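Chain residues, written in single-letter form:
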Amino acid sequence: MGEKKRKENYEPQFVFDKRNYKFMLIGVAFIALGFILMTGGGSDDPNVFNPEIYNWRRIRLAPALVLLGFAIEVYAILLKPDSKEEN
């Protein structure tokens, strides 16, 4: 009888709250945007050098966005859930 009662009162709990998942999605968006900004700048002809591959967007901005996205992911994982009183 005790086993049945425990199964009736069981509520599954997620590891993270809704707020954690929001921050995780924001972090993934930053990472994806960083990788998108890194693309391009190549040349169709391998004998021709295109200096666009070394522009500011690909060398500074995109890696900074990727690192910021990873930092947001770490923050989302370490973010404490709201404390709820259980009676």
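Computed from a predicted structure; not experimentally measured.

### Topic: the overall build of the protein chain
- When its secondary structure is counted, the protein chain shows three helices and zero strands.
- N-terminal to C-terminal, the α/β element order of the protein chain is α-α-α.
- Burial statistics for the protein chain: of 87 residues in total, 18% are counted as buried.
- Within the protein chain, contacts between residues separated by at least 24 positions form 74% of all contacts whose residues are at least 6 apart in sequence.

### Regarding the UniProt feature "transmembrane region" (unreviewed entry) in the protein chain
- UniProt's entry tags residues 21–41 and 61–79 with the feature "transmembrane region" (unreviewed entry), counted in the numbering of this structure.
- Its end C-alpha atoms 26 Å apart, residues 61–79 is made of 95% helix and 0% strand.

### Brief notes about helix 2 (residues 18–38)
- Between its terminal C-alpha atoms helix 2 stretches 31 Å, which fits the 30 Å expected from 21 residues at 1.5 Å a residue.
- Turning to helix 2, its buried residues number three or more, namely Asn20, Met24, Gly27, Ile31, Gly34 and Leu37. Viewed end-on, helix 2 has its buried residues packed into an arc of 155 degrees, placing them on one side of the element. In helix 2, the exposed positions that point more than 90 degrees away from the buried face belong to Lys18, Leu25 and Ile36.
- Tucked inside the fold, the buried residues of helix 2 contact helix 3 (56–78).

### A look at the packing of aromatic side chains
- Following the criterion strictly, the structure yields three aromatic pairs and no others.
- Judged by centre distance (5.9 Å) and plane angle (90 degrees), the ring pair of phenylalanine 16 and tyrosine 21 falls under edge-to-face.
- Judged by centre distance (5.2 Å) and plane angle (85 degrees), the ring pair of phenylalanine 23 and tyrosine 75 falls under edge-to-face. Of this pair, phenylalanine 23 sits in helix 2 while tyrosine 75 sits in helix 3; the two residues are 52 residues apart in sequence, bridging distant segments of the chain.
- Among the residues examined, tyrosine 75 registers a relative accessible area of 44% and is labelled partly exposed.

### Regarding a nonpolar patch on the surface
- Where nonpolar side chains cluster on the molecular surface, the patch consists of Phe49, Ile53, Tyr54 and Ile59 and spans about 440 Å² of accessible area.
- Within the fold, isoleucine 59 resides in helix 3.
- For isoleucine 59, a relative accessible area of 40% corresponds to the partly exposed category.

### With respect to the side chain of glutamate 73
- When you line up the elements, glutamate 73 lands in helix 3.
- The charged side chain of glutamate 73 is buried without a salt bridge, its nearest counter-charge being arginine 19 at 14 Å.
- With residues up to four places along the chain from it excluded, the contact list for glutamate 73 reads Phe23, Met24, Gly27, Val28 and Ile31.

Rules used in this analysis
Residues numbered from 1 in each chain as written. Predicted model: local features only at pLDDT ≥ 70, side-chain atom pairs only at ≥ 80, totals over all residues. Heavy atoms only, no water. Helix = DSSP H or I, 4+ residues; strand = E, 2+ residues; numbered from the N terminus. Buried < 20%, exposed > 50% of the residue type's maximum accessible area, 1.4 Å probe, protein only. Contact = heavy atoms within 4.5 Å. UniProt positions renumbered as here; feature names shortened; annotations may be inferred. Expected span 1.5 Å × (residues − 1). Arc of directions from axis to C-beta. Phe/Tyr/Trp six-rings, centres within 6.5 Å; stacked < 30°, edge-to-face > 60°. Patch = residues over 30% accessible without salt bridge, like charges linked within 9 Å, V, L, I, M, F, W, Y side chains within 5 Å. Areas by Shrake-Rupley, 256 points an atom, 1.4 Å probe, with all protein chains shown as cover. Salt bridge = Lys/Arg side-chain N within 4 Å of Asp/Glu carboxyl O. Lys, Arg positive; Asp, Glu negative; His and termini not counted.

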